[in-house]
Amino acid sequence: VQLVESGGGLVQAGGSLRLSCAASGGTFSMGWFRQAPGKEREFVAAISGCGNAIRYTDSVQGRFTISRDNAKNTMYLQMNSLKREDTAVYYCAADPRNGYNSFDYNYWGQGTEVTVSS
């Protein structure tokens, strides 16, 4: 399984970005994580394999939207109303080890950097 993220960049606070994660090798539950400088990696959002189950961490609820297009083998993260504290490297992940609600995934992308300026 290979995961390739894209769509990161520099954006002003209040702006939007859409991240993409192109996946190969199967259809799995997938998720987005992020790691800010000097901090541990944290969960952002997850989506089930068929897209009918979605969950978010509280800090992005209402601002971020996770989605997927299985015909394109791609998962997305639409990020609106971005804040400086959203600055991080964003990683996509696939195939949670212990089911959809797990935070431990088998496969990870290389990350894409998001910087939110004031």
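Residues numbered from 1 in each chain as written. Predicted model: local features only at pLDDT ≥ 70, side-chain atom pairs only at ≥ 80, totals over all residues. Heavy atoms only, no water.

Trainee: In this structure, what is going on with the sheet that holds strand 1 (residues 2–6)? I would like to understand it.
Mentor: Within a beta sheet, neighbouring strands are joined by backbone hydrogen bonds and run either parallel or antiparallel to one another. Spatially, 1-3-8-7 is the arrangement adopted by the four strands of the open sheet, whose pairing is antiparallel. Among the strands making up the open sheet, the edge pair consists of strand 1 and strand 7 (64–69). Going from strand to strand, the sheet's axes swing by 15° on average, the running direction of each strand aside. Direction of pairing for strand 1 relative to strand 3 (residues 17–24): antiparallel, over a ladder of five bridges. The residue bridging Glu-5 from the neighbouring strand is Cys-21, located in strand 3. (Pairing = 2+ DSSP bridges. Helix = DSSP H or I, 4+ residues; strand = E, 2+ residues; numbered from the N terminus. Axes fitted to C-alpha atoms, helices over the stretch in contact; angles between N-to-C directions.)

Trainee: Teacher, can you tell me more about the environment of Phe-33 here?
Mentor: Tracing the backbone shows Phe-33 in strand 4 (residues 30–35). Between the C-alpha atom of Phe-33 and that of Val-60, which follows or precedes it by 27 residues, the distance is 12 Å. Contact partners of Phe-33, with chain neighbours within four places excluded, come to Arg-41, Glu-42, Phe-43, Val-44, Val-89, Tyr-90, Tyr-91, Ala-93, Phe-103, Tyr-105 and Trp-108. (Contact = heavy atoms within 4.5 Å.)

Trainee: I'm lost on the pattern of salt bridges in this one. Help?
Mentor: As a working rule, side chains carrying opposite charge can pair if their charged atoms are close by. Taken as a whole and judged by the stated rule, the model has four salt bridges. Its salt-bridge partner being Asp-86, residue Arg-63 comes within 2.7 Å of it at the nearest N-O pair. Here the residue Arg-63 occupies a position in the loop between strand 6 (54–56) and strand 7, and Asp-86 occupies one in the loop between strand 8 (74–79) and strand 9 (88–96), the gap between them amounting to 23 residues. We note that Arg-63, like Asp-86, is buried. The residue Asp-104 makes a salt bridge to Arg-97 at a minimum N-O spacing of 3.1 Å. Residue class for Arg-97 comes out partly exposed when judged on its relative accessible area of 47%. (Salt bridge = Lys/Arg side-chain N within 4 Å of Asp/Glu carboxyl O. Buried < 20%, exposed > 50% of the residue type's maximum accessible area, 1.4 Å probe, protein only.)

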